[in-house]
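# Coordinates in review
Listed below, chain by chain, are the residues.
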Amino acid sequence: MSDRASDLISRAHEAHVVVAGGGVAGLVAALECAKVGIRVTVIEASDRLGGSIRTEEVDGLAVDLVADGFALGAPALDTLIDELGLRDAVEPAAGDAIAVAVGSPDALRVARLPVGLAGIPANPWSDDARRIIGWRGAWRAYLDRLRPPLTIGREQSLGALVRTRMGVRVRDRLVAPLAFGRFGVDVDDVDADLAVPGLSTALTRAGSLAGAISQLLPDGPAPSRATLRGGMGRLVDALAGRLADLEVEIRTGARVAGLHRDDGGWTVRIENAAPDAAASAPDADSVAQASDPDATGAPDPDATPTGQVIADVVIIATDGDAAASLLASAGISVAAPASRQRDVVTLIVDAPVATATATAVAPTSSAPSNASPATTSVAPATVYAAPAIASAASGIRAAAVDDATASWPHLAAAAGPRRILRVQLEAPTDPPRPGPFPPSAPAADGAQRAHSATTGALANTTSPSPSPSPARPELVAQARRAASALLGAEVGEPRAAAHRRVVLAPPASVIGHAERTAAARAAIAGREGLVAVGAWLAGGGIAPIVADTVDEVEKVRARILFGRE
């Protein structure tokens, strides 16, 4: 072994990196450091790893409660999947047919989304478009072809661009439901050229917005999303297993409470997370199942001692609010982006579900800016509600309904006649607190509550848990009503139900995101040995989080091994 190689190995072994947060960003950051020999400690406040990835066993099915897929063709994520030996588990979406629900709660119309990108129709005269925007909307959208060409540089906002060129109905009924349903953002706050890459050039070339969309459509139907057979929890399991092989220390049920730097490095103060912290936090999860026993679980305090550790580098991989708090303890002021909370309720129902008015829905990509021009008639995999329908005042309160069995072949095969519906409910201002429920208390329409208990730091990944935790009956009932409304057909009594409250991370296409991220990282860079990663900086989605984390941690490795970035 050369002296240089020996020196690099020595530098790696002498360094200690602490990662605050055990979600995807934290686990990827830990892996990127550990695989070059750096000693790593991961601190996770909840009693499990994975963040927004959670695979639970519900009614005998391994179901992803929130994040259920990823974008295909993302180089960093593809590399990670291959490295973890998960390539054979990748399953492309069978169909991502999209419908939108517009109108009023008393007169709701559900119809397929017309061929286009980001909800912008390539042909506003198509039957699909006219069902949603009407003849009046189609005539207004036609004026787009009569207006002078306009480059995106003169109109950054996607909502404003669509409104100006194609009218309010196209913006509010086609484009806004996708932006709000997927990310919880106002379409006026979305950067047009980031949401639809190449739109600026195509608009100038085509002379109309509809013409630009037609030029940018893919040549044929091709899935843009995929999942892992058996659930996205397999990604977390594989990461945790690889970290165990690399002797990474993982502490769950503990949180990083503060940071202080002196000449000896970073002092990381660690506290036990309260046993009910996960239940009361915004991302608390719960599951209801008809026949599960009454049992509860809590982190083992002996496995997560209160104390402090010394680190050469601290990687903050938490959500935006937690990151801002930790950075403040280190004397750094940053603002986390505004975000929305949603209650995601999964319903397992017996009867087949089909919409009353959208019996033929063109498959479209679920990526933020893609839609396939295919015209195969299938039931919708997702129905997005117009923002007004999703508001609390409407009484429906649902932003979207997904049919996982329509998207993923392995789930369709396992479920048989059952359907797996995931309903996104707009969360009230005050987060709900689970229980306590009397043992005999029913959930909604026959579904009973159930519980989960898990043990061990590395064992607390997202493998399907056979005994999930308490569900809220009123949320299950609300989700059933919302699903019935958005699908245009009565949803039967659920055999089982699962719930998780999540915080939506705004996408990188939100106006000002790049500037906010750059400002935050510039402030953090002023403190040696401190790095931040995660959705609040990378934008929502597993693929951008992995790519951003790999890029940022490469700088950490270069600094440790070579004394440079």
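Here the structure is a predicted model, which means the values were calculated and not measured.

### Points about the overall build of the chain
- In terms of helices and strands, the chain carries 19 helices and 23 strands.
- Partitioning the intrachain contacts of the chain with sequence separation of at least 6 by distance along the chain shows that 75% fall at a separation of at least 24.
- Total accessible area on the chain is roughly 22,100 Å²; 52% of this is exposed by carbon and sulfur atoms.

### Structural notes on the nonpolar core
- Core analysis: the largest hydrophobic core is formed by 66 residues, its most contacted members being Leu 158, Leu 347, Val 423 and Leu 486.
- When sequence neighbours within four positions are dropped, the list of residues in contact with Leu 158 reads Ile 120, Val 175, Val 187, Val 190, Ala 192 and Ala 195.
- Of all hydrophobic cores here, the second largest spans 54 residues; its members include Val 19, Ala 30, Leu 49 and Val 248.

### Considering the side chain of Thr 227
- Note that Thr 227 resides in strand 11 (residues 225-228).
- Here Thr 227 falls in the buried class, since its relative accessible area comes to 1%.
- Reaching out from Thr 227, the side chain makes a polar contact with the backbone oxygen of Asp 68 at a distance of 2.7 Å.
- If near-sequence neighbours (up to four positions away) are discounted, Thr 227 is found in contact with Asp 64, Asp 68, Gly 69, Phe 70, Ala 89, Val 90, Glu 91, Met 232, Trp 408 and His 410.

### A short note on the pairing of strand 3 (residues 55-58)
- Pairing of strand 3 with strand 4 (residues 61-64) involves four bridges; the strand directions are antiparallel. Counterpart to Val 58 in the pairing with strand 4 is Leu 61.

### Regarding the packing of helix 8 (residues 199-206) against helix 9 (residues 209-216)
- Contact geometry of helix 8 with helix 9 gives a least axis separation of 8 Å together with a crossing angle of 120°. As the angle between them shows, helix 8 and helix 9 are arranged oblique. In this structure, helix 8 crosses over helix 9, and the sense of that crossing is right-handed. Residues Leu 199, Ala 202, Leu 203, Arg 205 and Ala 206 of helix 8 lie in contact with helix 9, whose contacting residues are Leu 209, Gly 211, Ala 212, Ile 213, Gln 215 and Leu 216.
- Looking at the contact of helix 8 with helix 9 residue by residue, the class counts come to eight nonpolar, two polar and one charged.

### A few points about the packing of aromatic side chains
- Taken as a whole and judged by the stated rule, the model has four aromatic pairs.
- Chaining the aromatic ring pairs together yields one cluster made of Trp 125, Trp 135, Trp 139 and Tyr 142.
- Above the face of the Trp 135 ring, Arg 130 is positioned so that its terminal group lies 4.3 Å from the ring centre.
- Across the ring face of Phe 180, the terminal group of Arg 342 is positioned such that the distance to the ring centre comes to 5.1 Å.

### As for helix 9
- Listed as buried for helix 9 are Leu 209, Ala 210, Gly 211, Ala 212 and Ile 213.
- Contacts from the buried residues of helix 9 go to strand 9 (116-117), strand 10 (120-121), helix 5 (158-166) and helix 8.

### Focus: unusual backbone geometry
- In this structure, Asp 59 takes a positive phi of about 55° despite not being glycine.
- Tracing the sequence through the fold places Asp 59 in the loop between strand 3 and strand 4.
- Positive phi, close to 60°, is recorded for Glu 247, a residue that is not glycine.
- Secondary-structure assignment places Glu 247 in the loop between helix 10 (233-245) and strand 12 (249-252).

### Examining the sheet that holds strand 14 (residues 265-272)
- Spatially, the three strands line up as an open sheet ordered 13-14-16, and their pairing is antiparallel. A single partner strand is all that each edge strand has here, and the edge strands are strand 13 (254-262) and strand 16 (307-311). Taken pair by pair, the neighbouring strands of this sheet meet at an average axis angle of 25°, ignoring direction.
- Summarising the sheet, strand 13 and strand 14 pair through eight bridges and their orientation is antiparallel.

### Some remarks on the pattern of salt bridges
- The final tally for this structure, using the stated rule, is 34 salt bridges.
- The salt bridge partner of Arg 418 is Asp 59, with a shortest N-O separation of 2.9 Å. Highlighted residues: Arg 418 in the loop between helix 15 (409-415) and strand 21 (419-426) and Asp 59 in the loop between strand 3 and strand 4, separated in sequence by 359 residues.
- Under the relative-accessibility criterion, Arg 418 is labelled buried at 13%.
- Note that Asp 78 and Arg 87 form a salt bridge whose closest N and O atoms lie 3.7 Å from each other.
- According to the relative accessible area criterion, Asp 78 is partly exposed, its value standing at 21%.

### Topic: the confidence of the model for the chain
- Mean pLDDT over the chain: 81, with 78% of residues reaching 70 or higher.
- Confidence over residues 355-378 falls short of pLDDT 50; this stretch has 79 contacts with residues more than four positions distant or in other chains.
- Note on residues 430-470: pLDDT under 50 across the span, and 116 contacts to partners over four residues away in sequence or across chains.

### Let's talk about the sheet that holds strand 23 (residues 530-532)
- Taking strand neighbours across the sheet as the criterion, the five strands line up as 12-2-1-17-23 in an open arrangement whose pairing is parallel. Where the open sheet ends on each side, the last strands, each with one partner, are strand 12 and strand 23. Averaged over neighbouring strand pairs, the angle between their axes works out to 15° when direction is ignored.
- As paired strands, strand 17 (residues 313-316) and strand 23 are joined by three bridges and run parallel to one another. Residue Ile 316 lies in a different strand from strand 23, and its bridge partner there is Ala 532.

Rules behind the numbers
- Residues numbered from 1 in each chain as written.
- Predicted model: local features only at pLDDT ≥ 70, side-chain atom pairs only at ≥ 80, totals over all residues.
- Heavy atoms only, no water.
- Helix = DSSP H or I, 4+ residues; strand = E, 2+ residues; numbered from the N terminus.
- Contact = heavy atoms within 4.5 Å.
- Areas by Shrake-Rupley, 256 points an atom, 1.4 Å probe, with all protein chains shown as cover.
- Core = buried A, V, L, I, M, F, W, Y, C linked by side-chain atoms within 4.5 Å.
- Buried < 20%, exposed > 50% of the residue type's maximum accessible area, 1.4 Å probe, protein only.
- Polar contact = N/O pair within 3.5 Å; in protein donor to acceptor, adjacent residues only side chain to side chain.
- Pairing = 2+ DSSP bridges.
- Axes fitted to C-alpha atoms, helices over the stretch in contact; angles between N-to-C directions.
- Parallel < 35°, antiparallel > 145°, perpendicular 65-115°, else oblique.
- Left-handed = near helix turned anticlockwise from the far one by under 90°.
- Nonpolar A, V, L, I, M, F, W, Y, C, P; charged D, E, K, R; others polar.
- Phe/Tyr/Trp six-rings, centres within 6.5 Å; stacked < 30°, edge-to-face > 60°.
- Lys NZ or Arg CZ within 6 Å of the ring centre and 35° of its normal.
- Salt bridge = Lys/Arg side-chain N within 4 Å of Asp/Glu carboxyl O.
- pLDDT = per-residue confidence, 0-100.

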